[in-house]
Amino acid sequence: MKQLCTLLQMTALLGLALLFAGCNHKELCEFHPHEISIRVVFDWVDAPDADPKGMCVCFYPLDGGSGQRFDFPNRTGGTVQLRVGKYRILCFNNDTEANLFYNSHLFDGYGVYTREGHVLEPIYGNSANFHPMVDDLSKERVVITPDMMWGCSAVDVEVRDDEVCYTCVPQNAHARMGYPVVSNEQVITLYPHEMVCTYTYEVRNVSNLKHVVEICGSLSGMAGEMLLASEQVGREAVTLPFESVSDGVSTLTGKFYTFGHHPENSEPHAMTFYVVMDDGSKLCYTGGKNLDVTEQVHEAPDFRHVHLIIDGLDLPQPIENGHGFRPVVDDWGVVEEDIIL
């Protein structure tokens, strides 16, 4: 009988030990969240023609700490490992060269900008020695145009053991559904859209265009940076240089990207053109009502896609009946006049 009691006591003690061991394991899991596999999918309904070479997604935990970045060498998405918890998300294409970034550890402060440049950079490149007269024409800081960016953000993201909950609203009304989204398949769908603006322009009725050797332009009063989460642009007004394409007859065209303009910025949006003629003369066309495109920028039907039209640019007839050539011309001549339409 004594041996039976001892055996029962040992069995009871073993059962208690197993019970406490199970409780300790559960408590450890609660205080140390484990990682969950989440599949990130990019739906391009808001930018069907987008062609990025790769995308990145940044998860910012709400309980503090810097974000986790995951890069994908495609436009479709992939799988990431995340701890159970609450997050906010930023995503954008990772294949840009001109774009520079700051405050990558902050969801609200993560921004993009571009380096300083020169109005003649589209012609001579960024290593040339530029003439000081041209430098003095721009009252604003000159920065290069950004590369195209596609991206979006998601909030109220919660990763759980058996599901993920989040809010990411596409701009396309036909793709919208109830929010927040709850996925028991551990899938987060993001809807990137164009984050920068595309500006195109056309200069019609340009005289003596066949004698142009090099030409480029600039646009003033634009924003030089943007916050990724809010897509709010900077207040500072900067000047953006851009390339120009001549048809050799009477029309100039071009296309460039920009962060846009701050609505509270009162600086005008003026175009300037820098021209090298085949006789060696260098001319800068600036000022005048014809080159002021402020109204066109502000009243564009789609602020993401702005088309500017200028009618008339009077380039001179080169010397010696248009066939002369002066091998060395150092100074730039500034042409500032109103063209009456």
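Predicted model only: the values in this text are computed from it and were never measured.

(A) Region of interest: the side chain of H262. On the secondary structure map, H262 appears in the loop between β19 (252-258) and β20 (271-277). Assessed through its relative accessible area of 7%, H262 is described here as buried. A polar contact is formed between the side chain of H262 and the backbone nitrogen of E264, at a distance of 3.1 Å. Residues in contact with H262, not counting those within four places in the same chain, are Q232, V233, G234 and R235.

(B) Expanded view of the nonpolar core. Judged by nonpolar contacts, the single largest core of 47 residues is most densely connected at F42, V57, F59, I188, L190 and L228. At the level of secondary structure, the elements contributing two or more residues to this core comprise β1 (35-42), β2 (55-61), β3 (68-72), β4 (77-83), β5 (85-93), β9 (150-159), β10 (164-167) and β12 (187-190). Aside from chain neighbours lying at most four places away, what touches F59 is V40, G67, Q68, F70, V80, L82, Y87, R88, I89 and I188. Residues V143, C197, L209 and V212 belong to the second largest nonpolar core, which totals 31 residues.

(C) The arrangement of the confidence of the model for the protein chain in detail. Looking at the protein chain as a whole, its pLDDT mean stands at 86, while 80% of the residues score no less than 70. This model gives residues 1-5 a pLDDT under 50, and the stretch forms zero contacts once residues within four places in sequence are excluded.

(D) Summary view of the environment of H105. Looking at the element boundaries, H105 is found in the loop between β6 (100-102) and β7 (111-113). By relative accessible area, H105 is classed as partly exposed at 43%. In this view, H105 contacts Y60, S66 and G67; residues no more than four positions away in its chain are not counted.

(E) Quick peek at the packing of aromatic side chains. The full count for this structure, using the stated rule, is 14 aromatic pairs. Centre to centre, the rings of F59 and F70 are 5.9 Å apart; their planes meet at 80°, and the pair counts as edge-to-face. With a gap of 11 residues between them, F59 in strand β2 and F70 in strand β3 connect regions that are remote in the sequence. Judged by its relative accessible area of 0%, F59 is buried. Site record: aromatic cluster; members linked through ring pairs are Y199, Y201, F242, F256 and F273.

(F) Here's a closer look at the side chain of Q186. Topologically, Q186 is positioned in the loop between β11 (181-183) and β12. Residue Q186 is classed as buried on the basis of its relative accessible area of 11%. At 3.2 Å, the side chain of Q186 and the backbone oxygen of R160 are in polar contact.

(G) Region of the structure containing the state of the cysteines. According to the stated counting rule, one finds zero disulfides in the structure shown. Looking at the unpaired C91, the closest cysteine sulfur is the one in C152, lying at 3.5 Å. Among the residues examined, C91 registers a relative accessible area of 1% and is labelled buried. C284 carries a free sulfur, and the closest cysteine sulfur to it, the one in C216, is 9.2 Å from it. Relative accessible area serves as the criterion here: at 0%, C284 is assigned to the buried category.

(H) Spatial organisation of the sheet that holds strand β15 (residues 212-223). The strand order β8-β17-β15-β20-β21-β23 describes an open sheet built from six strands, whose pairing is mixed. In this open sheet, the two strands that pair with only one neighbour each are β8 (141-142) and β23 (332-335). Strand direction decides the pairing type here: β15 and β20, joined by seven bridges, are antiparallel. Directly across from S218, in β20, lies its bridge partner T272.

Definitions and cut-offs
Residues numbered from 1 in each chain as written. Predicted model: local features only at pLDDT ≥ 70, side-chain atom pairs only at ≥ 80, totals over all residues. Heavy atoms only, no water. Helix = DSSP H or I, 4+ residues; strand = E, 2+ residues; numbered from the N terminus. Buried < 20%, exposed > 50% of the residue type's maximum accessible area, 1.4 Å probe, protein only. Polar contact = N/O pair within 3.5 Å; in protein donor to acceptor, adjacent residues only side chain to side chain. Contact = heavy atoms within 4.5 Å. Core = buried A, V, L, I, M, F, W, Y, C linked by side-chain atoms within 4.5 Å. pLDDT = per-residue confidence, 0-100. Phe/Tyr/Trp six-rings, centres within 6.5 Å; stacked < 30°, edge-to-face > 60°. Disulfide = S-S within 2.5 Å. Pairing = 2+ DSSP bridges.

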